[in-house]
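Structure at a glance
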Amino acid sequence: MRRIVVLGSTGSIGTQTLDVARRHSDKLKVVGLAVNARADDLLAQARAFGVRHLAVGDTRLAGEPIADDLLAQARSGAAPVADAPSSLAQAVARRNAGGEGSLGFGADAVVGLVRLPEADIVVNALVGAAGLRASYETLAAGKVLALANKESLVVGGDLIMPLAAQVDAQRRAVGFAPDAGPAGALMPIDSEHGAIYQCLIGEDAREASRLWVTASGGPFRGRTRDDLRDITPAQALAHPTWNMGAKISIDSSTLMNKGLEVIEAHHLFAMPYDKITVVVQPQSAIHSMVEFADGSVKAHLGTTDMRIPIQYALSYPERWDAPVAPLDFRALGSLEFAAPDEDTFRCLALARHAGAEGGTLPCVMNAANEVAVAAFLAEEGSYLGIAACVEAVMEAHEREGVQRVESLDQLEQIDGWARSCARAWIADH
């Protein structure tokens, strides 16, 4: 039985993670859930899965009536008999955790769930830079990190990857790692990185000569900058193939999402940026590819459903029954490929530049993008203004001097500066 904590449990990735847990209740047990503000949904999830350890990021909800219901859930558990500990070890772990469970409010409470003694895997589906500290603390606690939070590696990859290597070494030392393949301390949930991860299984990573990161092209593929001047949030949220949250959907439409994935791929697979290429694949049937020194290419294909990479991140190195119908190649038709238009979709080029420059520049880029996207969704900024804002804040940081990444506190300070700078730019434009 693998015991999981889900951070961001009411979002797109979180709810699909719980669906996987429901389908494989004989293999997965949910022991902790965290949300930002959707406390009613959190309570429903906790009751459905018998979860006793809960956290809500928004401290304002601590005084609301829902807080009493959450506390009652934490105390009673209300877990069905089938969810009882399946081993003496689990029973001891639950007793050591306090038995009656826990409920906390605020960012520290959310991060605190990763330290639960009975937790084996933490699914980090938090949105934005807030997820970085949770990823760091998960690995620092020696847990497996199933990562859906892009910003953890984009902003803090220089801190996260050495920690992951340490946990990998610990897993090998105690016999938790599989006989072949990665030790599994950091499992990517992104479909693209999960695809690359699987393409590299059984291969010598040093023989990989290029990573092909696929992109659908988003809802505005083929349009010009003039076509994009009056784009509305509703239009940008209409992704052609994937069902995602609002922020990620906007990032997908600007190709910032793909830029973030390039930076992630650099950290995850130790691949130089000039060996990571984005290719538009509109059908989203190919989730990414790895090219090897001899010219061979491995491609990972499958149904466009995030439950597949989520499940693999939780089941590795095993493969469990498919959570969705498999891809029918007879009905697929054709596969198309094209180069991305980085002149029209400037965010991809900006992310590549930030990654190549390194240091604190990706942190600045990410913070400015979060602010600009939020402003666009609130109809306080324009669609093309997202890239313009990001570029302006990046240039300001480069003038002041990009720093070497040294700590989480440093990154949080830089993040705050970038957000303030981005808000000022939006106010002026």
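Residues numbered from 1 in each chain as written. Predicted model: local features only at pLDDT ≥ 70, side-chain atom pairs only at ≥ 80, totals over all residues. Heavy atoms only, no water.

Focus: the state of the cysteines
Enumeration over the complete set of coordinates arrives at zero disulfides. Among the cysteines around Cys347, which has no disulfide bond, Cys389 carries the closest sulfur, lying 9.8 Å off. Between Cys421, a free cysteine, and Cys389, which holds the nearest cysteine sulfur, the sulfur-to-sulfur gap is 7.7 Å. Classification of Cys421 by relative accessible area gives partly exposed; the value is 24%. (Disulfide = S-S within 2.5 Å. Buried < 20%, exposed > 50% of the residue type's maximum accessible area, 1.4 Å probe, protein only.)

Digging into the UniProt feature "binding site: 1-deoxy-D-xylulose 5-phosphate" (unreviewed entry) in the chain
Taking the UniProt record as the reference, the feature "binding site: 1-deoxy-D-xylulose 5-phosphate" (unreviewed entry) is found at Lys150, Ser191, Glu192, Ser216, His239, Ser252, Asn257, Lys258 and Glu261. Tracing the backbone shows Glu192 in helix α8 (residues 191–199). The class of Glu192 is buried, set by a relative accessible area of 9%. Setting aside residues no more than four positions away along its own chain, Glu192 makes contact with Val213, Thr214, Lys258, Glu261, His287 and Ser288. (UniProt positions renumbered as here; feature names shortened; annotations may be inferred. Helix = DSSP H or I, 4+ residues; strand = E, 2+ residues; numbered from the N terminus. Contact = heavy atoms within 4.5 Å.)

A look at the domain arrangement of the chain
For the chain, the assigned domains are domain 1 (2–77 + 93–188) and domain 2 (191–302 + 325–428). A separation of 25 Å is found between the C-alpha centroids of domain 1 and domain 2. With 23 residues of domain 1 at the interface, the matching set in domain 2 holds 29 residues. Counting each side, the surface lost to burial between domain 1 and domain 2 is near 2,200 Å², with a carbon and sulfur contribution of 68%. (Domains from an automatic or database assignment. Buried area = accessible area lost by both parts, 1.4 Å probe.)

Some thoughts on the pattern of salt bridges
All chains considered together, the criterion is met by 26 salt bridges. Arg38 is the partner of Asp41 in a salt bridge, and the nearest nitrogen-oxygen pair spans 2.9 Å. Its relative accessible area of 33% is what places Asp41 among the partly exposed residues. Judged by relative accessible area, which is 45%, Arg38 ranks as partly exposed. (Salt bridge = Lys/Arg side-chain N within 4 Å of Asp/Glu carboxyl O.)

Here's the deal with the side chain of Thr138
Within the secondary structure layout, Thr138 lies in helix α6 (residues 131–140). Judged by relative accessible area, which is 0%, Thr138 ranks as buried. Leave out the neighbours within four places in its chain, and Thr138 touches Val114, Val122, Lys143, Val144 and Leu145.

Section: helix α16 (residues 384–400)
Look at α16: 25 Å from first C-alpha to last across 17 residues, which is about the 24 Å you get at 1.5 Å a residue. Among the residues making up α16, those that are buried are Leu384, Gly385, Ile386, Ala387, Cys389, Val390, Val393, Met394, Ala396 and His397. Of the surrounding elements, those touching the buried residues of α16 are α10 (246–254), α11 (256–269), α14 (346–357), α15 (361–377) and α17 (408–428). Gly401 lies just past α16 and shows a positive phi near 115°. (Expected span 1.5 Å × (residues − 1).)

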